[in-house]
Each structure stands twice: as C-alpha cells, then as structure tokens.
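# Breakdown of the fold
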Amino acid sequence: MKSKNVTHQELARDLASLAVRSGFLVFGVEEDKEHHTFTVVDMPLPARLDQTVDQVARHLITPALLVAPTLLPNPASPGRA
C-alpha cells in the first residue's frame, strides 16, 4: 500500500495536468479500451475524499488550483453514492 504522501503527490500531478489540458478526474469508472466504453463500478471511497482532493489542489500545486469535487450516484444503484 502506498503512503498517503505518495498518493497525494500522484493526485497533485494528475490534477496539475488537468489544469493545463482541462478535463475531469473520475473515480469509479472502468475503461474497456478495446470497445471504447466506460462502465461505472462500485468502489469504496475514502471518507472525505472530496476534502482531500480540494486540499491537495490548494496546497500541493502552485499556483493553487480551484476544484469542484462532485459525488455522482451510480446509475445502476439509485440511492447510493
């Protein structure tokens, strides 16, 4: 298991690249490269992941990056986040 610091550094790199190229960072989506499709997969997300993403974007990227973490429900599991 990676240390929290290494994980946060990797997240900071991913977010910084999105600041340059634009885009979305999505957790819980599996890509089928052969068929060019994406599937929503249930995955346990750490508590307060949205706050962690925001803190990494503000404190580990220069200049600070403003992000809007948004939790979207799995369409296959209505009522669950």
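Each chain has its residues counted from 1, running along the sequence as written. The predicted origin of the model limits local features to residues at a pLDDT of at least 70 and limits the giving and counting of side-chain atom pairs to 80 or more, whereas totals for whole chains, interfaces and linings rest on all residues. Computation of side-chain values: all heavy atoms of the structure, hydrogens and water removed.

Salt bridges are identified by distance alone: a Lys or Arg side-chain nitrogen within 4 Å of an Asp or Glu carboxyl oxygen. Applying the stated criterion to the full structure yields one salt bridge. The partner of R58 in a salt bridge is D54, with the nearest N and O atoms 3.0 Å apart. On the criterion of helical spacing, the pair formed by R58 and D54 is a turn pair, its members being four residues apart in helix α2 (residues 49-59). Segments assigned H or I by DSSP are reported as helices when at least four residues long, segments assigned E as strands when at least two residues long, and all are numbered from the N terminus.

The pLDDT value expresses, per residue, how confident the predictor is, ranging between 0 and 100. Confidence along the chain averages 85 in pLDDT terms, with 94% of residues attaining 70 or more. Highest mean pLDDT in the chain belongs to α2 (91); lowest belongs to strand β2 (residues 37-40) (89).

Below, the discussion takes up the packing of helix α1 (residues 4-21) against α2. A fitted line through C-alpha atoms represents every axis, and for helices the fit uses only the stretch in contact; the resulting angles, taken between N-to-C directions, go from 0 to 180 degrees. For the pair α1 and α2, interaxial distance at closest approach is 9 Å and the crossing angle is 70°. One way to sum up the angle between α1 and α2 is to call them roughly perpendicular. Across from H8, L11, A12 and L15 in α1, the residues of α2 making contact are T52, V53, V56 and A57. Residues are sorted three ways: Asp, Glu, Lys and Arg are charged, Ala, Val, Leu, Ile, Met, Phe, Trp, Tyr, Cys and Pro are nonpolar, and all the rest, Gly among them, are polar. Looking at side-chain class alone, the contact of α1 with α2 contains six nonpolar, two polar and no charged residues. Any angle that falls under 35 degrees is termed roughly parallel, while one over 145 is termed roughly antiparallel, one within 65 to 115 roughly perpendicular, and all others oblique. Whether two residues are in contact is decided by their heavy atoms: any pair within 4.5 Å suffices.

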